[in-house]
Amino acid sequence: MAICLTAMIATVSGCGGSSPSTRTTLADVMPNVDGADPRLVAITEQASELLPGGRPAFRARLESLKGLPIVVNKWASWCPPCAAEAPALQATAKKYGNRVAFLGVNVSDSNAKAKQFMRRFPMAYPSYSDPNVQISKEFPPPGRPPVTNIYDSQGRLVHSAIGQIRSAAELGELIERYAGPLKAGPTN
């Protein structure tokens with residue numbers, strides 16, 4: 001009985017987050033971008049940064065990424081499904097980040113809370129701060145996070161996943177299905 005209870009406690013405590021010795025670091029989630037498109041290298045150089053500039057900066061970034069598939073995740077620190085899907089986004093960005101551009105949009109949040117979330121769940125890509133929901137008005141569909149949009153290499157929105165991404169495999173399948181043929185990239 002004591003062994004079962006100990007195992008159950010260990011399992012439950014593991015669901016809530018990482019212990020300090022197993023905490024995911026930024027290095028753990030970074031893709032190998034050696035030889036990748038310079039725009040993807042630039043994205044990884046801004047890993048886990050919260051970028052200002054609102055809608056104009058976000059639009060300019062999307063425009064600058066034409067020619068690449070793009071995954072944009074709308075998230076907030078106060079959103080439990082956003083925390084639950086973070087490991088899937090981390091793993092997928094690590095696997096595909098040398099061929100696919102990843103960006104985040106942090107919506108209806110304070111910069112302090114968003115940065116705290118990014119320390120807990122490091123991202124191999126930057127997020128644009130959207131405290132007043134200006135980017136999100138253009139970020140179909142409107143509403144609460146999480147939402148993950150996939151754009152093809154022409155910059156066309158081709159799929160919106162509304163709600164929590166359940167696994168890296170799920171997001172990988174969506175990218176493969178909707179983003180079009182992916183060029184081979186450096187191996188991780």
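Below is a short write-up of the structure.

The rules we used
- Residues numbered from 1 in each chain as written.
- Predicted model: local features only at pLDDT ≥ 70, side-chain atom pairs only at ≥ 80, totals over all residues.
- Heavy atoms only, no water.
- Pairing = 2+ DSSP bridges.
- Helix = DSSP H or I, 4+ residues; strand = E, 2+ residues; numbered from the N terminus.
- Salt bridge = Lys/Arg side-chain N within 4 Å of Asp/Glu carboxyl O.
- Buried < 20%, exposed > 50% of the residue type's maximum accessible area, 1.4 Å probe, protein only.
- Arc of directions from axis to C-beta.
- Disulfide = S-S within 2.5 Å.

With respect to the sheet that holds strand 4 (residues 127-130)
The strand order 1-4-3-2-5-6 describes an open sheet built from 6 strands, whose pairing is mixed. Looking along the sheet, the strands with just one partner apiece sit at the ends: strand 1 (50-51) and strand 6 (157-162).

Focus: the pattern of salt bridges
Proximity of charged atoms lets side chains of opposite charge pair with each other. Under the defined criterion, the tally for this structure stands at 3 salt bridges. One salt bridge in this structure joins Glu63 and Lys66, with 3.3 Å as the shortest N-O distance. Look at Lys66 and you get partly exposed, because its relative accessible area is 39%. A salt bridge links Arg156 to Asp152; its shortest N-O distance comes to 2.6 Å.

Structural notes on helix 6 (residues 111-120)
Regarding helix 6, the residues found buried are Ala114, Phe117 and Met118. Down the axis, helix 6 shows its buried residues gathered within 100° of arc, on one side only. Turned more than 90 degrees off the buried face of helix 6, the exposed positions are Ala112 and Arg119.

Re the state of the cysteines
Taken as a whole, this structure holds 1 disulfide when the rule is applied. A sulfur-sulfur distance of 2.4 Å marks the disulfide that ties Cys79 to Cys82. One disulfide, between Cys79 and Cys82, carries an S-S torsion of 80° and so falls in the right-handed class. The exposure class of Cys82 is buried, given its relative accessible area of 3%.

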